[in-house]
Each structure stands twice: as C-alpha cells, then as structure tokens.
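# Report on the structure
Now for the letters of each chain:
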Amino acid sequence: MEFRTHLMVCAGTACVSCGAFNVKKLLEEEIKKKGLDKEILVVGTGCQGFCAQGPIVVVRPDDIFYQLLSPEDVPHLVEEHFLKGRPVKKMMYTPPGEKIQIPTMSEIGFFNKQRLIALRNKGLIDAEQIDDYIGRDGYNALIKVLTEMNPDDIVKEVKDSGLRGRGGGGFPTGLKWEICKNSKGSPKYIICNADEGDPGAYMDRSIIESDPHSVIEGMLIGARAIGAQEGVVYIRTEYPLAIKRLETAIGQAREYGLLGKDILGKGFDFDLKIKQGAGAFVCGEETALMASIEGKRGMPNKRPPFPAESGLWNKPTNINNVETWANIPWIILKGADRFASIGTEKSKGTKVFSLVGKINNTGLVEVPMGITLKEIIFDIGGGVPNGKKFKAVQMGGPSGGCIPAELGDTIIDYDSVTATGAIMGSGGMVVMDETTCMVDIAKYFLNFTQAESCGKCTFCRIGTKRMLEILQRICDGNGVEEDIGKLQELAAQIKDSSLCGLGQTAPNPVLTTLKYFRHEYEAHIKDKKCPAKSCKALLTYEINDQCIGCTVCVRVCPTKAITGERKVKHLIDQEKCIKCGACFDICKFKAIDVN
Amino acid sequence: MNTNVNDQMKNEEKNKLVKEIVARHMHSKGALIPVLHEVQESYGYLPDEIQEKIAKEMNISKSEVFGVISFYSHFATKPAGKYKISVCMGTACYVKGAGAVLDKLKETLRVKVGQTTEDGEFTLEECRCLGCCGLAPVLTVNGKVYGRLTIDDVDTILESYKKDGGIA
C-alpha cells in the first residue's frame, strides 16, 4: 500500500522512557479517527539521537521535526498538520537562546553537521522489520561477499578502508581479521562486544536498538572472511530493549535464510547466539569477556596468546565492537576508497559519540574524523546551558581523561586525542561546566574503577583504593601537600603492573585532571577551597546585604541554623549549618553567598 | 522483616524449578550464567539453598557457583524489596546531580545503598549507567524509568508507590 506520509516515531530507550509508545498509540488512533489511516503510516524507529528532546516524531517526506510531544499534543497535531496541512510551530525545535522555530530536521544544527555511516539507518527504518533493512540495501553487502569476493578480498577491502576498532583500542580491524584468518585451529569464533560499560556512553545500545541487522550483516561478512561458523553477541543485561530487538532480528534473519546452514545457497554456514552479561565492567575487556561467555568469573588473562590465536574455548577468535561491525556492510558496499576518503591520515571514517552532561543538545551524534571538539560541542551540541562557561570534556570514560576548554581545537582522531592524555574510547563525551569540580570528577571515576577492579592484580585492587582515599581526603578538606606526589607515584605503579586495560588506564582521569587543573587540587589542599563550589565540606554559606528579611530560608533550613526576624537581615550559624544548599536554592534575592 | 514469596515454596517445587531451567541450558557450553539469570528471574534471588541445588543439578562444585554469583553485581543473594529503586550513577547523571537524588532517597527511606526498608517495600541501589543519558539524572523503579529528576520528584515518586503501586 502506498502512503503519502510516514510518521517516524523515535522508539529508543530515552524516548520510550518519556512516553514515546503512548504517543505512537495515540497518533495511530487519532489518524484512524480522522480517516487518514490509508494515507499516513505511523512507524516506530530506533534512536534518532536527539535524546534530550524526546518524544520525537519526524514527518517524512516533508522532513518536519516535532519534539517534546505529550499525549495532549497529539489530537491538535493530527488535526492541524495532517488534516488541514498546517504544520504546528509550537511543537518544533527552537535552538537555545533563540526565538524562531526550525521546522525541518536538515536545518537543525544538531543534525546537519553529522555524517552517517554506522547510524545510516537511524530513524529511517523500523528496527523490528527485516524488510525495512533490506529496502535500504540491507544484506546486499553479504550477497556481494558471497558471490564476488573470496576471504582474502574481504580482508583486503577492510584493511584498505583504514577502519580501526571503535571500542576504544583503535586497533586496525582488517589486520585483526587477517591474523585470525591465518591462525590454525578449528572451529573459529567471532564475537560482538556489546558490553558497553563506560558510564555516560550509549552508542552501541542505540545502534542495536535502531539497526540490529547492520551488526548481524557485519558479523556475517567477518565470519566469511575469517572462516568462522559461530558467533556470539555479548550484551549487557542492563539493555533489555536492545536484547529484545536483537533477538527479533536474529529470528527474522534465520527465517530468511540469512543465518543458519547454506546461507543464500552458497554453502556458507553461520549462526549467532546472544549471551547476556551480569553487571561487571571488566567484562568489556576481551579476555574477561570470553571468560564470562564460558560461564566463569570474568577475569582477564594475560596476552599473548592473543584471542586471534587462542580465544573462546581456546580457539581462534575475533572480537569487534558493535560500531565496528555496523561499519562493515557500508565499507563492502560503497568501497574502501570512499570510507578512506573521510577523516584524517590515520583515522578514517566516522565516529559515534554520546554527547551528554552540561550540554544543550544532549544526544547521539556521528561525526567525520577530523572534526574539532569545539565544533561538536558548540555547533552540534549547542553549547553549555544556563549561560555557564564550558570547562572541560571527558572522553573515554573511566579509562579516559578530561580535555580542558583551551584544547577545544583538538581534532577527533585516535592520535590527537591520545596526545591530550585522554583516549578516543568507545565514544562517551561528557561535557562539564564551571560548576563541575575536577577533583570530584577524578574521585568519581576512581570510585568506579576501584569498585569494578576484578582484584586479580594487586596494584589495581589496592592501589586504586589508596588513590581513592587520598582524593576523598582532598575533597573533605583534609588533604596534605604530599598528596599530589603520592597520587602521581601510585598512578605510575598501577599503570605499570596491571594486566588488563582497566588497571592500566584507571589512573588516567586523575593524571589528566592533575595535568590541566592542578590549581584546583592545590586550592582544595592549601586554601581549603573548592573553586567550582561543589565539594560540600569546603563550602560556607553566608547571608549578604541583599537580604530583605523574608524568612523563607529560616523556614526551609532543616537544622534551624538560620535565625532572623522579618525585615531584618538573617544570620547563618556556621556550627549548625550542614551545607545542604536549601537556603541558596530557595532565596529569590541572591542574598546567599557560597564561598 | 522482608521475605520472598518463593521462600514459602516446598522443597520439591524448588527442585523442580532449578531442574527445569538447568535442563534447558545444559546442552550448551558456558551454561552457568544463563542458568543463574533465569533462576534469579523466577525465584527473585539466589539464596544458599538454591545455589546448592544448581551446583548439584549441573554437577559442579558449589564454590564455582558462588564464585560466579559473587563476581557479578547483577546476582543477588538477599531478597529485594517489593520495589527496586536503582539510581543511575553514570557520568552524565552524576554531573547533573544524581548524588543529591540518591542522598534524598537515603534520607527519606532511611536505608543505605544496597539495603531494603524495614517494611520490605523499597530496595535502594545504584547502577552504572542505564544509557538514558539524555534524560539525566535518571532512576528506575522496577525497571520503569523516571528522568530529568530533581530532588523534589523523589517524594512524589515514592508516594505514588506507597499508595497504589506506582504511577501508570
């Protein structure tokens, strides 16, 4: 049936949490009520990326972008736009600080600087319909490798594309495949690492939710190149929607004969299994991940032997991350040259980032390598909200580091990011403003790695604990001058004597904040002050002359630390004050100073 | 005291539950973690006696079963409350004030992270990024997501569960 208009309702996790399913249901009902159901089709898609504005509906082919929709908006929207043909301005996007709405998606800054390869189908297909994927050239790359290419050709194509591992390591994908292909041993396995553990990052979840077949097709191509018959997708148990969509996709691919025996009649056998994680960050490390698939405690093992020689069940195994797999069909279909024409000399193609934290346009973005941090944060992300100053961006999660605003011209490629002390990582990009304390952030990440250390290596297990104690002491106002030296010493020892990536990179958040924000550490230690006004123990609340004596703060103070009569300036008893900030939040006259 | 309804099951029923789940997975390699996932899903948690039954049924040592359970944070050896509140402490939520939300919950419920309220109603947990960073700060109650939180939302959410089992 032909429809004149498609309404693409974003059904990613964030939009679903804001009520996208309800909006979708109401849209369908309302359209039916108006007798438009033969002309207009409502489609649930994967994540559109602009998560801060959910629920989102994109009208195609008109390209009109509606956002922050509530159930009450639906009848009006259907009546005005779809019946009377008048797009509804007040449901459109207005850039922060501006007054005029932007009607179409392609004009919105958030979208128009992006370059989509891994997310090529986002918002365009229903992730639960294999036919939608096939309609967008899906599985054509598989047909190409099975009919026109031998395994060596496939490896060469991937090598020539310059694709590097998108999980964070940045190891050349083609080379990894070649080593595994040439290893002796049978059977061989391939694994998709979907154990996206970095806090503040959700690229992989989004790819699986919006386009699961691109990952399956990528794995099929990899399996053909390497000579594997079995594949495993190891996915976090915290991602129920992604697991469900992947299960559906695998079932449909089997039905179509794209997984199983004698695929497309070419004598190629391959099948996929899903294994759920159980909440251990270290399982994102490849040797720990394989231990977990084998049903054991997820502890890393030493390398060599590398997984390509002896991996899962001691057989040659190739592991790639979700985003890496999703790039593969595009590369095969469009050619290595086209992929390699995007990006910088040593980092080709695009990278998906989850842009979160103190930023106006929170969401998922895919950008060409070589773009600068500033372009991402200001042109795509719309800058920092509430007129605050951009201070730093954290890249690479607990293994990464904080890049200060002064280095905003740093370009996105593996080597430039590494030169700052951070890492490209899997794509978490957490923006921080002047109110974020850098010592506190370092403490936050250390707390994370300390809790997630598997305990195998002593320095990682105990060293991170000691570092955390020092950082806690500094934030509490009990830091001493030797602390900075001690942190640096411990950091070097942990890096040198840990077996896996978790330990080797755990000190990075501390080292980068020390490198760029040493003055904040010193202010905490020497002056007992937190420049970002974030560490509670170092704050004092005082009432200034703006106070008109309204007694609102007196009433809100939980410890009765504020005294004062009507129309007389109030006073805070510092002994009783617990620094909860309730008075500051409630005062309308800016009469509370925080020092 | 907080209890789990399944603790009232007869011994044979517990045996049957474990046996059926193990039988479904035994043919594949690396079956232990999927078995633990399913048993916890149906039974609610993984107490000592259940661990013993799993070990016996899978013909492995109980220390191996316990070793895996204690390694992964998803597996629980104590029963949870009726409503499980998970506060996301991912980086995005953290910089947007998840700590204050967690403090408010601790104060209101009078429990620490990992504990259950005396009436067995609420268990408070923190989790590592739900991937809803666009909605930060976020918490979930039995899987239902509440986003863009302020500390004032905490009471409203708790009240709704106390009264009628949650906002629909």
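Residues numbered from 1 in each chain as written. Chains lettered and ligands numbered in written order. Predicted model: local features only at pLDDT ≥ 70, side-chain atom pairs only at ≥ 80, totals over all residues. Heavy atoms only, no water.

## Details of the overall build of chain A
Secondary structure summary: chain A contains 24 helices and 18 strands in total. Seen along its three principal axes, the alpha-carbon backbone of chain A occupies a region of about 85 × 70 × 40 Å. In chain A, buried positions account for 58% of the 595 residues. Expressed as a percentage of contacts within chain A between residues at least 6 apart in sequence, the contacts between residues at least 24 apart total 70%. Accessible surface for chain A amounts to roughly 23200 Å². Of this, 50% is attributable to carbon and sulfur atoms. For chain A, the centre of its 76 positive side-chain charges and the centre of its 74 negative side-chain charges are spaced 3 Å apart. (Helix = DSSP H or I, 4+ residues; strand = E, 2+ residues; numbered from the N terminus. Buried < 20%, exposed > 50% of the residue type's maximum accessible area, 1.4 Å probe, protein only. Contact = heavy atoms within 4.5 Å. Areas by Shrake-Rupley, 256 points an atom, 1.4 Å probe, with all protein chains shown as cover. Lys, Arg positive; Asp, Glu negative; His and termini not counted. Charge placed at Lys NZ, Arg CZ, Asp CG, Glu CD.)

## Quick notes on the sheet that holds strand 5 (residues 189-194) of chain A
Residues and elements named next belong to chain A. Judged by pairing direction, the sheet is mixed, and its five strands sit side by side in the order 7-8-6-5-9 without closing on themselves. Each having just a single partner strand, strand 7 (260-263) and strand 9 (317-321) make up the two edges of the open sheet. For this sheet, the mean angle separating the axes of adjacent strands, direction not counted, is 25 degrees. Looking at chain direction, strand 7 and strand 8 (residues 268-276) are connected through two bridges and run antiparallel. Within the sheet, the bridge partner assigned to glycine 260 lies in strand 8 and is phenylalanine 270. Where helix 13 (residues 322-334) meets the sheet, it contacts strand 5 and strand 9, and its direction lies at approximately 90 degrees from that of strand 9. (Pairing = 2+ DSSP bridges. Axes fitted to C-alpha atoms, helices over the stretch in contact; angles between N-to-C directions.)

## Here we look at the packing of aromatic side chains
All names here are of chain A. This model, assessed by the stated rule, comprises 20 aromatic pairs over all chains. Its end group placed over the ring of phenylalanine 268, arginine 224 keeps NZ or CZ at 5.4 Å from the ring centre. Taking the ring centre of phenylalanine 353 as reference, the NZ or CZ of lysine 351 above it sits at 5.6 Å. (Phe/Tyr/Trp six-rings, centres within 6.5 Å; stacked < 30°, edge-to-face > 60°. Lys NZ or Arg CZ within 6 Å of the ring centre and 35° of its normal.)

## Brief notes about the domain arrangement of chain B
Interface extent is often summarised as the accessible area lost during association of the parts. Split by domain assignment, chain B resolves into domain 1 (2-71) and domain 2 (83-164). Using C-alpha coordinates to define each centre, domain 1 of chain B is positioned 29 Å away from domain 2 of chain B. (Domains from an automatic or database assignment.)

## Describing the domain arrangement of chain A
Residues and elements named next belong to chain A. Here chain A is described as being made up of domain 1 (5-112), domain 2 (130-340), domain 3 (350-433), domain 4 (438-527) and domain 5 (540-594). Taken together, the eight residues of domain 1 in the interface contact nine residues of domain 3. Where domain 1 abuts domain 3, roughly 660 Å² becomes buried across the two surfaces, and 60% of that area is made up of carbon and sulfur atoms. Summed over the shared surface of domain 1 and domain 3, the number is zero salt bridges. Counting across the interface, domain 1 meets domain 3 through four residue pairs in polar contact (both at pLDDT 80 or more). (Buried area = accessible area lost by both parts, 1.4 Å probe. Salt bridge = Lys/Arg side-chain N within 4 Å of Asp/Glu carboxyl O. Polar contact = N/O pair within 3.5 Å; in protein donor to acceptor, adjacent residues only side chain to side chain.)

## Comments concerning the packing of helix 19 (residues 483-496) of chain A against helix 21 (residues 508-516) of chain A
Residues and elements named next belong to chain A. Their axes nearest at 10 Å, the elements helix 19 and helix 21 cross at an angle of 140 degrees. Our classification of the angle between helix 19 and helix 21 gives oblique. Considering only the axes of helix 19 and helix 21, their crossing is left-handed. Contacts between helix 19 and helix 21 involve Ile484, Leu487, Gln488, Ala491 and Lys495 from the first element and Asn508, Val510, Leu511 and Leu514 from the second. (Parallel < 35°, antiparallel > 145°, perpendicular 65-115°, else oblique. Left-handed = near helix turned anticlockwise from the far one by under 90°.)

## Things to note about the environment of Ala442(A)
Residue and element names in this part refer to chain A. By secondary structure assignment, the location of alanine 442 is in helix 17 (residues 438-452). Relative accessible area serves as the criterion here: at 0%, alanine 442 is assigned to the buried category. Remark: the alpha-carbon pair of alanine 442 and leucine 41, spanning 401 residues in sequence, is separated by 49 Å.

## Brief notes about unusual backbone geometry
Residue Arg60(A) is joined to Pro61(A) through a cis peptide bond whose omega torsion reads 10 degrees. Here Pro61(A) is to be found in the loop between strand 3 (57-60) and strand 4 (64-66). Following Ala136(B), the chain continues into Pro137(B) via a peptide bond in cis, with omega recorded as -5 degrees. Along the chain, Pro137(B) falls in the loop between strand 2 (122-127) and strand 3 (139-141). Backbone geometry places Leu264(A), a non-glycine residue, at a positive phi of 55 degrees. Residue position: Leu264(A) is located in the loop between strand 7 and strand 8. Backbone geometry at Arg148(B) places phi at a positive 50 degrees, although glycine is not the residue there.

## Digging into the environment of Cys457(A)
Residue and element names in this part refer to chain A. Residue position: cysteine 457 is located in the loop between helix 17 and helix 18 (458-475). In sequence terms cysteine 457 and serine 497 are 40 residues apart; their C-alpha atoms lie 7.5 Å from each other. Residues contacting cysteine 457, with those up to four places away along its chain left out, are Ser497, Ser498 and Leu499.

## Overview of the interface of chain B and chain A
Between chain B and chain A, the residue contacts involve 31 residues of the former and 53 residues of the latter. The junction of chain B with chain A conceals about 3200 Å² of combined surface from both sides, 59% of it contributed by carbon and sulfur atoms. Broken down residue by residue, the surface that chain B buries against chain A is led by Phe71(B), Thr91(B) and Arg128(B), which jointly contribute 21%. There are zero salt bridges connecting chain B and chain A. In this structure, the connection of chain B to chain A is made through 18 residue pairs in polar contact (both at pLDDT 80 or more). Counting only elements with at least two residues in the side of chain B that touches chain A, the list comes to helix 2 (32-43), helix 4 (62-71) and helix 5 (91-95) of chain B. Of the residues in the side of chain B that touches chain A, the class split is 17 nonpolar, 10 polar and four charged. (Nonpolar A, V, L, I, M, F, W, Y, C, P; charged D, E, K, R; others polar.)

## Some remarks on the nonpolar core
Formed by 110 residues in total, the largest nonpolar core has its most connected members in Ile85(B) and Leu105(B). Per-element tally for this core: the top contributor is helix 10 (residues 212-226) of chain A, with eight residues. Apart from the residues lying within four places of it in its own chain, the contact partners of Leu105(B) are Ile85(B), Val87(B), Arg110(B), Leu124(B), Leu139(B), Val154(B) and Leu158(B). The next biggest cluster of nonpolar side chains, apart from the first, holds 44 residues, and it includes Tyr234(A), Phe281(A), Ile33(B) and Ala55(B). (Core = buried A, V, L, I, M, F, W, Y, C linked by side-chain atoms within 4.5 Å.)

## With respect to the packing of helix 1 (residues 11-25) of chain B against helix 2 of chain B
Residue and element names in this part refer to chain B. Running from amino to carboxyl end, helix 1 crosses helix 2 at an angle of 145 degrees, the nearest separation of the two axes being 9 Å. Like other packed secondary-structure pairs, helix 1 and helix 2 cross with a definite hand, here right-handed. Contact with helix 1, carried on its side by Lys14, Leu17, Ile21, Val22, Arg24 and His25, involves Pro34, Val35, Glu38, Val39, Ser42 and Tyr43 of helix 2 and no other residues of that element. When its residues are assigned to classes, the contact of helix 1 with helix 2 shows seven nonpolar, two polar and three charged.

## A word on a nonpolar patch on the surface
Residue and element names in this part refer to chain A. Nonpolar side chains collect at one region of the surface, where Phe171, Leu175 and Ile179 lie side by side and expose about 240 Å² of accessible area between them. Among the secondary structure elements, phenylalanine 171 is positioned in the loop between helix 7 (151-161) and helix 8 (173-182). With a relative accessible area of 40%, phenylalanine 171 lands in the partly exposed category. (Patch = residues over 30% accessible without salt bridge, like charges linked within 9 Å, V, L, I, M, F, W, Y side chains within 5 Å.)

## As for the pairing of strand 3 of chain A
When a strand is regular, its side chains alternate between the sheet's two faces. Residue and element names in this part refer to chain A. For strand 1 (residues 5-10) and strand 3, the ladder comprises four bridges, and the chain directions are antiparallel. If you follow valine 9 over to strand 3, its bridge partner there is valine 57. Two elements, strand 3 and strand 4, share three bridges in a ladder whose sense is antiparallel. Bridging from a neighbouring strand, valine 59 pairs with isoleucine 64 of strand 4. Between strand 3 and strand 4, which follow one another and run antiparallel, lie three residues, and aspartate 63 among them has a positive phi close to 70 degrees.

## Describing the side chain of Ser161(A)
Residues and elements named next belong to chain A. Turning to its location among the elements, serine 161 is positioned in helix 7. Residue serine 161 is classed as buried on the basis of its relative accessible area, which comes to 0%. In terms of polar contacts, serine 161 uses its side chain to reach the backbone amide nitrogen of leucine 163, at 3.2 Å.

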